[in-house]
Amino acid sequence: MNGLRDRDFVNVVSELSYWQERFNGGSMMGDSFRNDCAPVIKLACDIYLRDPRGSRNARLTDLHAHLPLPQSKNSAGVSAQIAQLCWERLGDVTAPNPAEVP
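Residues numbered from 1 in each chain as written. Predicted model: local features only at pLDDT ≥ 70, side-chain atom pairs only at ≥ 80, totals over all residues. Heavy atoms only, no water.

1. Points about the environment of Glu 88
Okay, so step 1: Mapped onto the fold, Glu 88 is located in helix 4 (residues 73-91).
Okay, so step 2: Put simply, Glu 88 and Arg 56 are 32 residues apart on the chain and 10.0 Å apart in space, counted from C-alpha to C-alpha. (Helix = DSSP H or I, 4+ residues; strand = E, 2+ residues; numbered from the N terminus.)

Here's what the structure looks like:
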């Protein structure tokens with residue numbers, strides 16, 4: 001695969017590890033990675049896999065339709081930001097495999 005990401009496969013465990021490192025380093029929002037970030041990242045990965053070339057608006061609509069209720073406007077916004085970061089990473093075909101990231 002020459003270091004390019006396969007758009008038809010996402011290793012959710014690797015993605016969660018990647019994002020947990022960023023959360024632990026203070027570069028992500030949320031009070032708890034497990035409760036605030038991980039569910040959104042899992043959902044974002046699922047949405048991406050269903051349509052890797054989907055539009056941002058379609059993905060956000062899907063995200064909000066599947067987020068646990070009730071969510072405040074603020075927490076829905078944070079969830080959207082986390083999901084967008086995940087989609088940007090997944091959609092970057094030049095990004096290295098998460099297992100290869102130091």
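2. Observations concerning the packing of helix 1 (residues 12-24) against helix 2 (residues 33-50)
Okay, so step 1: Where helix 1 meets helix 2, the axes come as close as 10 Å, and the angle between the chain directions of the two elements is 140 degrees. Looking at the two axes, helix 1 sits oblique to helix 2. Here helix 1 runs over helix 2; the crossing is right-handed. Each of Val 12, Glu 15, Leu 16, Trp 19, Gln 20 and Phe 23 in helix 1 lies in contact with helix 2, whose residues at this interface are Phe 33, Cys 37, Ala 38, Ile 41, Lys 42 and Cys 45.
Okay, so step 2: For the contact of helix 1 with helix 2, the class distribution of residues is 9 nonpolar, 1 polar and 2 charged. (Axes fitted to C-alpha atoms, helices over the stretch in contact; angles between N-to-C directions. Parallel < 35°, antiparallel > 145°, perpendicular 65-115°, else oblique. Left-handed = near helix turned anticlockwise from the far one by under 90°. Contact = heavy atoms within 4.5 Å. Nonpolar A, V, L, I, M, F, W, Y, C, P; charged D, E, K, R; others polar.)

3. Considering the packing of aromatic side chains
Okay, so step 1: In the structure shown here, the tally under the stated rule is 2 aromatic pairs.
Okay, so step 2: Note on Tyr 18 and Trp 19: the rings are 4.9 Å apart at their centroids and 90 degrees apart in plane angle, and the pair reads as edge-to-face.
Okay, so step 3: Looking at Tyr 18, the relative accessible area reads 17%, which means it is buried.
Okay, so step 4: The class of Trp 19 is buried, set by a relative accessible area of 7%.
Okay, so step 5: Above the face of the Tyr 18 ring, Arg 22 is positioned so that its terminal group lies 3.8 Å from the ring centre. (Phe/Tyr/Trp six-rings, centres within 6.5 Å; stacked < 30°, edge-to-face > 60°. Buried < 20%, exposed > 50% of the residue type's maximum accessible area, 1.4 Å probe, protein only. Lys NZ or Arg CZ within 6 Å of the ring centre and 35° of its normal.)

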